[in-house]
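What the coordinates show
If you want the building blocks of each chain, they are given just below.
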Amino acid sequence: MEILRKLTPLEDIFNFYTQETNSLIFPTTFIIESHIDLFHHHKITSQSIEIWKDLHPLLSSSLKKISNDFFLIKNNENKKNNVHFLKPSDSNSLNWLLIHRSQFMNSFQLEADLLWRLFIVELDSNLPNGCFKYSFTINIHHSISDASNNFAIIAELLGLIEKNFTKKLHLSEDQRFAHSEFELNFPNDPRFGLIDPNTSLEQFIDYEKKPLLPEYFKHGHKFNICSNSNGKFTYLNGKDYATFLDLEQQINDSSTGYEFKKISHSALKKLYGKCKVKNLKLNSIFEVISSIAFKKISEKFSGKSCSNETNKYEVTINIRPFLNISNNVMGCWVSFFEGELDLDFEETDENFWSIKFWSLCEKKCQALHDNLNKREFLSREVAEGSAILCKILKNGQRFKDYAYNYAISNMGDKSNQALGDMFKIKEYYTGLSYNVDNEFGLLATCSINYNSFWSFSYCRNLFCDEAAKLFMDSIEEYILKASQ
């Protein structure tokens, strides 16, 4: 057994939630337009995936528990096929959603499994422009990847397929080393925190058993999928993978709900223009818009005004740019800001969207700049905090004041992702499984060529499907209002 490295405290936290509560399972789907038939040329695609695996030692790794710690180990014994080429029996542009949502329940077996699975689904083999449409759904363990890396390595894979299709592709040792060096050993890695021996953990432990989040979101409609379809997914050799009804039943039984939206090209382009004129980061706009939407659904489900309350949420940040490393480097390289917004406003006031809204955005933008300039997310204190949280969770205890309404992850604009000539990433949707009591869900967004792709994955035990749909509908409504 070759031990690659120990998990960082944050990676260990993510793994804890996955192992203990089946939470933070991390499927991401890319809708891809291709000039080549990947299924007809599946051997070239499969060869490219093997080269891709060689670039990243973590794609050939498993997890092993040693004493009370988890380590990434090299896995050369895995014989399971974790790349699935699937054909649906009928043509529907949303067939990918069944695969995507069913993966929220599909975790990984310690030591035996590689920490990722890839599903390539044919969505349309006869586009008007002569191209093919596929979904790439990658379910990858959150301890070895995050959203920024996820996007980068799928784009990398597409580049390898294209190069391998046009000429015989060989991987040099220099290429392999460039990718793997920091995945296994980053000098003075700021993610590894140690608990000061003089620190008392008692001050961080929440001994109360009261609910951490409002309970009124439970009381609403539950929406189950019921297509009554006789369709199924099959492998290239004709063997069945799963029926649509089986996957629908898995999704309906899941504790994780999922809503997604594609928001119009024209609205986002106008919003980008306004942000540029006002010198505001789009992330600050989304923080405010999501808070207004959360206020709206809170008032609906609580039956009272929320004007005296505060929306508390997490903002995720990719720390690779601050360490001068590429997004291709695998592992979990994220940190978090604590965001909050007082809900003492009335979004229906006459001048709200022309004056008050932008004032709120300016304040959030300044707070974001302050956090980035301080770089506290790279500090010893933050790393130690992750180690403390990890230890408390492993002891079966709750961390004091560790509760947020949702996390927000903004991938930014991915329009300029270099992909060559054969492939285009047209849409992007991610999500996390949720079965926890300290956060309703993850709100994630990404834009490509002025199209904005949003998803909200959430805990159905805390947050009803009706509330989730209204939350996403309201975000769309407010993005349109802000763009006018």
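Residues numbered from 1 in each chain as written. Predicted model: local features only at pLDDT ≥ 70, side-chain atom pairs only at ≥ 80, totals over all residues. Heavy atoms only, no water.

Remarks on the overall build of the protein
Applicable threshold: We count a stretch as a helix when DSSP gives it H or I for four or more residues in a row; a strand needs E for two or more, and each element gets its number in order from the N terminus. The size measure is the radius of gyration over C-alpha atoms, and the globule rule it meets is 2.2 Å times the number of residues to the 0.38 power. Charge convention: Lys and Arg are scored as positive, Asp and Glu as negative, and His as well as the terminal groups of each chain are ignored. Where a charge sits is defined by one atom per residue type, namely NZ (Lys), CZ (Arg), CG (Asp) or CD (Glu).
The secondary structure content of the protein amounts to 12 helices and 18 strands. Taking 2.2 N^0.38 as the reference for a compact globule, 484 residues should give roughly 23 Å; the C-alpha atoms of the protein span a radius of gyration of 22 Å, in line with that estimate. If you line up the protein on its principal axes, its C-alpha atoms span 60 × 60 × 45 Å. With 54 positive and 61 negative side-chain charges, the protein shows a spacing of 3 Å between the two charge centroids.

Describing the pairing of strand 11 (residues 256-263)
Formally: Whether a residue is buried, partly exposed or exposed follows from its accessible area with a 1.4 Å probe, protein chains only, as a fraction of its type maximum: under 20%, in between, or over 50%, in that order. In short, DSSP must find at least two bridges between two strands for them to pair.
Across the 8 residues that make up strand 11, a large majority, 6, are buried. Bridging between strand 11 and strand 18 (residues 451-459) involves 8 bridges; their strand directions are antiparallel. Looking across to strand 18, one finds that K262 is bridged to F453.

Here we look at the nonpolar core
What counts, and what does not: Only buried residues count toward a nonpolar core. Its members are Ala, Val, Leu, Ile, Met, Phe, Trp, Tyr and Cys residues joined through side-chain atoms within 4.5 Å.
Grouped together as the largest cluster of nonpolar side chains are 152 residues, with contacts concentrated most on L118, F136, I285, F357 and F463. It is helix 8 (residues 282-302) that provides the largest number of residues to this core, a total of 10 residues.

Quick notes on the sheet that holds strand 9 (residues 232-234)
Put simply, the rule reads: Angles here are taken between N-to-C directions and fall from 0 to 180 degrees, while the axes themselves are lines fitted to C-alpha atoms, restricted in helices to the stretch in contact. Throughout, a residue-residue contact means that at least one pair of heavy atoms, one from each residue, lies within 4.5 Å.
Taking strand neighbours across the sheet as the criterion, the 7 strands line up as 10-9-5-6-7-2-16 in an open arrangement whose pairing is mixed. Only two strands of the sheet have a single neighbouring strand rather than two, namely strand 10 (240-243) and strand 16 (423-429). Direction aside, neighbouring strands of the sheet carry axes that sit 25° apart on average. Bridge analysis of strand 2 (residues 27-34) against strand 7 (residues 132-140) gives 8 bridges, and the strand direction is antiparallel. Considered in strand 7, the bridge of E33 is made with K133. This element, helix 2 (residues 42-55), spans strand 5 (83-88), strand 6 (116-124) and strand 7 of the sheet and lies at about 150° to strand 6. Contacts between helix 3 (residues 95-102) and the sheet are confined to strand 2, strand 5, strand 6, strand 7, strand 9, strand 10 and strand 16, with strand 2 contributing the most and set at about 155° to the helix.

Structural notes on unusual backbone geometry
Phi is positive for L24, close to 60°, though the residue is something other than glycine. Tracing the backbone through its elements, the reader meets L24 in the loop between helix 1 (9-21) and strand 2. Although it is not a glycine, D401 adopts a positive phi angle of roughly 65°.

Some words on the sheet that holds strand 13 (residues 334-342)
With mixed pairing, the 6 strands of this open sheet are ordered in space as 11-18-17-15-12-13. Of all strands in the sheet, those bounded by a partner on one side alone are strand 11 and strand 13. Here the strands of the sheet are splayed against their neighbours by 20° on average, with no regard to which way each runs. On the sheet, helix 4 (residues 147-166) packs against strand 12 (310-318), strand 15 (404-413) and strand 17 (439-448) and is oriented at approximately 35° with respect to strand 15.

Describing the packing of helix 8 against helix 10 (residues 352-374)
Definition in use: Here roughly perpendicular refers to angles of 65 to 115 degrees, roughly parallel to angles under 35, roughly antiparallel to angles over 145, and oblique to all remaining angles. Throughout, a crossing is termed right-handed when the near helix is turned clockwise from the far one, and left-handed when it is turned anticlockwise from it by less than a right angle.
Viewed as axis vectors pointing N to C, helix 8 and helix 10 meet at an angle of 120°, and their least axial separation amounts to 8 Å. Classified by the interaxial angle, the pair formed by helix 8 and helix 10 is oblique. Handedness of the helix 8/helix 10 crossing: right-handed. Contacts between helix 8 and helix 10 involve N283, S284, I285, E287, V288, I289 and I292 from the former and F352, W353, F357, W358, L360, C361, K364, C365 and L368 from the latter.

Considerations on a negative patch on the surface
Quick reminder of the rule: Nonpolar side chains (Val, Leu, Ile, Met, Phe, Trp, Tyr) within 5 Å and like charges within 9 Å form the patches, drawn only from residues with over 30% relative accessible area and no salt bridge. Here the open area of atoms and residues is found with the Shrake-Rupley method and a 1.4 Å probe, where only the protein chains shown may cover a residue. We define a salt bridge as a side-chain nitrogen of Lys or Arg found within 4 Å of a carboxyl oxygen belonging to Asp or Glu.
On the surface, a cluster of negative charge is contributed by E338, E340, D342, D344 and D401. Considering the arrangement of structural elements, one finds D342 in strand 13.

Overview of the pattern of salt bridges
Tallying each qualifying case throughout the model produces 26 salt bridges. We note a salt bridge from D473 to K469, for which the minimum N-O separation is 2.8 Å. Note that D473 and K469 are positioned in helix 12 (residues 465-483) at a spacing of 4 residues, about one turn of the helix. In this structure K469 comes out as partly exposed when scored by relative accessible area, which is 38%. Among the charged side chains, a network of salt bridges with common partners joins R5, E11, D189 and R191.

Some words on the pairing of strand 17
Across the 10 residues that make up strand 17, a large majority, 10, are buried. Alignment of strand 17 against strand 18, held across 8 bridges, turns out to be antiparallel. Each bridged residue has a counterpart across the sheet, and for I448 the counterpart in strand 18 is N451. Between the end of strand 17 and the start of strand 18, which pair antiparallel, lie 2 residues, with N449 showing a positive phi angle near 50°.

So, the side chain of N318
Operational definition: By the criterion applied in these results, polar contacts are pairs of N or O atoms within 3.5 Å in which, for protein atoms, one can donate a hydrogen and the other can accept it, and in which residues neighboring in sequence qualify only through two side-chain atoms.
Mapped onto the elements of the fold, N318 is located in strand 12. Judged by its relative accessible area of 16%, N318 is buried. Here the side chain of N318 touches R320 through a polar contact of 3.0 Å, side chain to side chain. Every residue in contact with N318, bar those within four places of it in the chain, is listed here: S148, N327 and W333.

Some remarks on the packing of aromatic side chains
Our working definition: Any two of the Phe, Tyr and Trp rings considered here, Trp counted by its six-membered ring, make a pair once their centres fall within 6.5 Å; the pair's planes then place it as stacked at under 30 degrees, edge-to-face at over 60, or tilted in between.
One pass over the full model with this rule turns up 47 aromatic pairs. Summarising the aromatic geometry, the rings of W96 and Y429 are spaced 5.1 Å apart at their centres and angled 5° between planes, so their arrangement reads as stacked. In this pair, W96 sits in helix 3 while Y429 sits in strand 16, placing the two residues 333 residues apart along the sequence. By the burial criterion, W96 is buried, and Y429 matches it. Taking the centre distance of 5.6 Å and the plane angle of 50° together, the rings of F104 and Y258 count as tilted.

A word on helix 7 (residues 265-278)
Our working rule: The length a helix should cover is 1.5 Å for every residue beyond the first. Note that the arc is defined by the directions from the helix axis to the C-beta atoms.
Its 14 residues place the ends of helix 7 20 Å apart at the C-alpha level, agreeing with the 20 Å of an ideal helix rising 1.5 Å per residue. Within the span of helix 7, buried status applies to A267, L268, L271, Y272 and C275. Take helix 7 and look down its axis: the buried residues cluster within an arc of 135°, on one side only. Exposed side of helix 7, more than 90 degrees from the buried face: K270, K276 and V277 are the residues found there. Its buried side turned inward, helix 7 meets helix 8, helix 10, strand 15, strand 17, strand 18 and helix 12.

No statement about biological role is implied by the geometric values presented.
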